[in-house]
Amino acid sequence: MSVLFDHIGDLLTGLLVTLELAVLAFPLAVLIGTVLGVCRVGPIGPLRAVAGFYVQCLRNSPLLLVLVMVVFGLPYVGATVPLFGSVVLGLGLYFGAYVCETVRSGVAAVPTGQIEAARALGLTFAGVLRQVVLPQAFRSMAQPLGSIFINVCLASALGAAVGVQELTGSARQFNLDHAQPIPSFIAAAIGYLLITLTAGQLTGVIERKVRIRR
């Protein structure tokens, strides 16, 4: 354990990289998922089909496969993206499919009467979404989105498989350098536990505040 405490800074650096991955990938997933969700509930058939195909493909594919395809596929088509950015993009694309289904469920929870009333007032489809549906949908999505954020944090561990030195990668490197597998990975597990517990508490606070504002 003394060796672990002497090199705790390396693990903390990995923890910081994990948080950076999650903080950058989650908004990207929300953006992608919201666009896909709007397409899935929209009146244009081809967009519904494309969004549905995207969701089915991504949700039924391993995240590691998506990360490998993004990391090695972008240079193949001539796009130069840093490794860290490629992992962020892969996480955003993958979890965007899950956000899409969350958005679709949130939209379905909005009372039909309010949508019909908005249409009767002359609002367009975009206006109904922007002013009536999405604000209410996102209020009901606080807990599911919080769960997706936690999953993004945990899934970022796969970044180590493609070369990003996040928390799991730092723990693996510490084990390779000092042959201390149990202390290193217990420390990593504690780091992930702190992230998930904190995210869960913040999600609960946000959900209660949103519920009060209703």
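Presented here is an overview of the structure given in this document. Here the structure is a predicted model, which means the values were calculated and not measured.

A word on the nonpolar core
Soluble globular proteins tend to pack their nonpolar side chains together in the buried interior.
Part 1: One finds Leu 21, Leu 63, Val 87, Leu 91, Phe 95, Val 133 and Ile 148 to be the most contacted residues of the largest nonpolar core, which totals 53 residues.
Part 2: Sort the elements by how many residues they give to this core and helix H2 (residues 8-41) lands first, with 12 residues.

As for the pattern of salt bridges
Part 1: In total, this model carries 3 salt bridges according to the counting rule given.
Part 2: Ionic pairing is found between Arg 59 and Glu 101, a salt bridge with its closest N-O pair at 3.8 Å. Separated by 42 residues along the polypeptide, Arg 59 in helix H3 (residues 45-59) and Glu 101 in helix H5 (residues 83-108) bring together distant segments of the chain.
Part 3: Owing to a relative accessible area of 37%, Arg 59 belongs among the partly exposed residues under this scheme.
Part 4: Taking the relative accessible area as the measure of exposure, Glu 101 reaches 15% and is therefore buried.
Part 5: For Arg 104, the salt bridge goes to Glu 101, with nearest N and O atoms at 2.8 Å. In this pair, Arg 104 and Glu 101 both sit in helix H5, 3 residues apart, roughly one turn of the helix.
Part 6: Through salt bridges with shared partners, a single network forms among Arg 40, Arg 59, Glu 101 and Arg 104.

Quick look at H5
Part 1: With 26 residues, H5 extends 38 Å between its outermost C-alpha atoms, agreeing within 8% with the 38 Å of an ideal straight helix rising 1.5 Å per residue.
Part 2: If you look at H5, its biggest bend is around 30°, right at Gly 96.

The rules we used
- Residues numbered from 1 in each chain as written.
- Predicted model: local features only at pLDDT ≥ 70, side-chain atom pairs only at ≥ 80, totals over all residues.
- Heavy atoms only, no water.
- Core = buried A, V, L, I, M, F, W, Y, C linked by side-chain atoms within 4.5 Å.
- Buried < 20%, exposed > 50% of the residue type's maximum accessible area, 1.4 Å probe, protein only.
- Helix = DSSP H or I, 4+ residues; strand = E, 2+ residues; numbered from the N terminus.
- Salt bridge = Lys/Arg side-chain N within 4 Å of Asp/Glu carboxyl O.
- Expected span 1.5 Å × (residues − 1).
- Bend = angle between axes of the 7 residues up to and from the residue.

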